[in-house]
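One-letter residues, chain by chain:
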Amino acid sequence: MKKQHNQVSPETEAEAMAIAKSTQRPGQSKEQTKLIAQGIQKGIEQYKKQQKSKRRDADKHRKKQQREKARQAEAAELDSNQLLPQTSSDAATNPRLPWILLLLSWAGFALYLALVP
């Protein structure tokens, strides 16, 4: 389990006390001011925890988007690499196509010579 970190930083404590003293009412005892400072201190701590949580969530979201972009780029690269070998393999599976085209062109040329006087 994680150890709870209940110790307050001196900066937060000093800031809370300064705020409590600035809002002190006439006739207010030191104990009351100290209690107000403790409440302000808890509020500051809670605010810092919320901000830390928001930063952590934003960082997780940013990292997740970076991983997704990397995956998409990798998938696109993989797809483009797969398309090139397939086109060359299509030509290799049908080697008769160039010969058929050659014979058709010669037949067309012969027909042309036969029809033109």
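This is a predicted model, so every value here is computed, not measured.

> Got a minute to help me understand the overall build of the protein chain in this structure?
Secondary structure summary: the protein chain contains three helices and zero strands in total. Ordered by position from N to C terminus, the α and β elements of the protein chain give α-α-α. Within the span of the protein chain, comprising 117 residues, buried residues form 7% of the whole. Accessible surface for the protein chain amounts to roughly 11,100 Å². Of this, 59% is attributable to carbon and sulfur atoms.

> Would you take a moment to explain the pattern of salt bridges for this structure?
Any two side chains of opposite charge can pair, on the condition that their charged atoms come close. Counted under the stated rule, the structure contains three salt bridges. Between Lys 63 and Asp 59 there is a salt bridge; the shortest N-O distance is 3.5 Å. Pair noted here: Lys 63 and Asp 59 are both in helix α2 (residues 30-93), with a separation of four residues, about one helical turn. Using a relative accessible area of 41% as the deciding quantity, one classes Lys 63 as partly exposed. One salt-bridge network, held together by shared partners, links Asp 59, Arg 62 and Lys 63.

> What's the story with helix α3 (residues 96-115) in this structure? I'm lost.
One turn of the α-helix equals 3.6 residues, which is why residues spaced by three or four share an orientation. Taking 1.5 Å of rise per residue, the 20 residues of α3 would be expected to cover 28 Å, and the 29 Å separating its terminal C-alpha atoms lies within 8% of that figure. Counting buried residues in α3 gives zero out of 20 residues, a small share hidden from the surface.

> I'm lost on the packing of aromatic side chains in this one. Help?
Centre distance and the angle of the planes are the two values used to describe a pair of aromatic rings. The tally for this structure, following the rule as stated, stands at one aromatic pair. Centroid distance Trp 106 to Phe 109: 6.3 Å. Interplanar angle 85°. Geometry classified as edge-to-face. Of this pair, Trp 106 and Phe 109 both sit in helix α3, separated by three residues, roughly a single helical turn. Residue classification places Phe 109 among the partly exposed positions, given a relative accessible area of 45%.

> I tried to follow the side chain of Thr 12 on my own but got confused; where do I start?
Considering the arrangement of structural elements, one finds Thr 12 in helix α1 (residues 10-22). The contacts of Thr 12, once residues within four sequence positions are left out, are Gln 41, Ile 44 and Lys 48.

> I keep staring at a positive patch on the surface and nothing clicks. Help me out?
A cluster of basic residues, Lys 52, Arg 55, Arg 56 and Lys 60, forms a positive patch at the surface. Within the fold, Lys 60 resides in helix α2.

> Would you mind showing me how to read α1 here?
Its 13 residues give α1 an end-to-end C-alpha distance of 18 Å, which sits within 8% of 18 Å, the value for a rise of 1.5 Å per residue. Listed as buried for α1 are Thr 12, Ala 16 and Ala 20. Here the buried residues of α1 occupy an arc of 70° about the axis, which is enough to place them on one side. Exposed residues pointing more than 90 degrees away from the buried face of α1 are listed as Pro 10, Glu 11, Lys 21 and Ser 22.

> What is the right way to look at the side chain of Thr 33 in this model?
By secondary structure assignment, the location of Thr 33 is in helix α2. Looking at Thr 33, its side chain comes within polar contact range of the main-chain oxygen of Ser 29, at 3.0 Å. Thr 33 has contacts with Met 17, Ala 20, Lys 21, Gln 24 and Gln 28, leaving out every residue within four places of it along the chain.

Definitions and limits used
Residues numbered from 1 in each chain as written. Predicted model: local features only at pLDDT ≥ 70, side-chain atom pairs only at ≥ 80, totals over all residues. Heavy atoms only, no water. Helix = DSSP H or I, 4+ residues; strand = E, 2+ residues; numbered from the N terminus. Buried < 20%, exposed > 50% of the residue type's maximum accessible area, 1.4 Å probe, protein only. Areas by Shrake-Rupley, 256 points an atom, 1.4 Å probe, with all protein chains shown as cover. Salt bridge = Lys/Arg side-chain N within 4 Å of Asp/Glu carboxyl O. Expected span 1.5 Å × (residues − 1). Phe/Tyr/Trp six-rings, centres within 6.5 Å; stacked < 30°, edge-to-face > 60°. Contact = heavy atoms within 4.5 Å. Patch = residues over 30% accessible without salt bridge, like charges linked within 9 Å, V, L, I, M, F, W, Y side chains within 5 Å. Lys, Arg positive; Asp, Glu negative; His and termini not counted. Charge placed at Lys NZ, Arg CZ, Asp CG, Glu CD. Arc of directions from axis to C-beta. Polar contact = N/O pair within 3.5 Å; in protein donor to acceptor, adjacent residues only side chain to side chain.

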